[in-house]
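Below, each chain spelled out in residue letters.
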Amino acid sequence: MGFYDDHFVPRLVNVSCGLSSLEHLRRSACSGLHGRVVEIGFGSGLNIPFYPDTVDSVAAVEPADLGWKLAQSRLATASVPIQRSGLDGQSLPFPDDSFDCALSTWTMCTIPDVHTALLEMRRVLKPGGTLHFVEHGLAPDEGVQRWQRRLEPIQKRVAGGCHLTRQIPDLVREGGFEIQDLDTFYEHGVPKVLGALSLGVTAP
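Keep in mind the model is a prediction, meaning the values are calculated, not measured.

**Q** Lay out unusual backbone geometry in plain terms, naming residues and giving numbers.
**A** Phi angles above zero are rare outside glycine, and Asp97 is one such case at about 55 degrees. Mapped onto the elements, Asp97 comes out in the loop between strand E3 (82–86) and strand E4 (99–105). Of note, the phi angle at Trp106 is positive, near 50 degrees, even though the residue is not glycine. Looking at where Trp106 falls in the secondary structure, it is placed in the loop between E4 and helix H6 (114–124).

**Q** Outline the sheet that holds strand E5 (residues 125–136), listing residues and values.
**A** Strand pairing in a sheet relies on backbone hydrogen bonds, with the paired strands running either antiparallel or parallel. Read across the sheet, seven strands follow the order E3-E2-E1-E4-E5-E7-E6 without closing on themselves; strand pairing throughout is mixed. The open sheet has two free edges, formed respectively by E3 and strand E6 (179–186), since each of these has just one partner strand. Going from strand to strand, the sheet's axes swing by 20 degrees on average, the running direction of each strand aside. Sheet analysis places strand E1 (residues 35–40) next to E4, joined by four bridges and oriented parallel. Each residue of the ladder has a partner; that of Ile40, found in E4, is Ser104. Here H6 sits on the sheet in contact with E1, E4 and E5, set at roughly 145 degrees to E5.

**Q** Could you give an account of a nonpolar patch on the surface, with specific residues and numbers?
**A** Side chains of Tyr4, Phe8, Ile154 and Val158 sit close together on the surface and give an oily, nonpolar patch of about 340 Å² of accessible area. By the element assignment, Val158 lies in helix H7 (residues 142–158).

The rules behind each value
- Every chain is numbered on its own, with residues counted from 1 as its sequence reads.
- The predicted nature of this model means local features are confined to residues of pLDDT at least 70 and side-chain atom pairs, given and counted, to a pLDDT of 80 or more, with totals for whole chains, interfaces and linings taken over all residues.
- Processing note: side-chain calculations cover all non-hydrogen atoms of the structure and skip hydrogens and water entirely.
- Numbered from the N terminus, helices here are DSSP runs of H or I no shorter than four residues, and strands are runs of E no shorter than two.
- Pairing between two strands requires that DSSP report at least two bridges joining them.
- In this analysis, axes come from line fits to C-alpha atoms, helices being fitted only over the stretch in contact, and the angle between any two N-to-C directions falls in the range 0 to 180 degrees.
- Contacts are assigned to residue pairs that have any heavy atoms within 4.5 Å of one another.
- Only residues whose relative accessible area exceeds 30% and that form no salt bridge enter a patch; like-charged residues are grouped when within 9 Å of one another, and nonpolar side chains (Val, Leu, Ile, Met, Phe, Trp, Tyr) when within 5 Å.
- Method for areas: the Shrake-Rupley scheme with a 1.4 Å probe, in which residue coverage is limited to the protein chains shown.
- Any carboxyl oxygen of Asp or Glu within 4 Å of a side-chain nitrogen of Lys or Arg constitutes a salt bridge here.

As structure tokens, this is what we get:
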């Protein structure tokens, strides 16, 4: 990670992904979390207010030191123990069958090898464990897709490697998960190139 990615991107993500208009999506993604949870791309802790009472602890995987620093005020309000426990979603430092749930929000767009990260999440989940996610990705409309492909090189440079054209549901299935509930839609008030969202939870 260079100076821009280290010192600017975490602030950009904290602001752009911390909009109040996205809170209902975070609440939906966190619904049903329980037991021990691993959160990939913890960032600045924007999901902390939405962890349900059924969560016992959270292992936060976050590569950016600044992201973790920006999370401190939210960590101080957390009702569950949260520990920074890893730096790379592609190589999770946990034994097999360690967690009841995994959480990923606006993260799969950025991980360089998202397939490997999904395989790692599958590995560390207990039998019957579930992955909860809300992610942006490839739009369903060809006209929007064309703009996504045009803008993706710029987006990747500006937003720390963020892709616009990943087919999130397909990637989740290729990672060995069966999706139980899935909602795909354009988020109101967000440009369609950025607002084609997938909100889902995998089957236990």
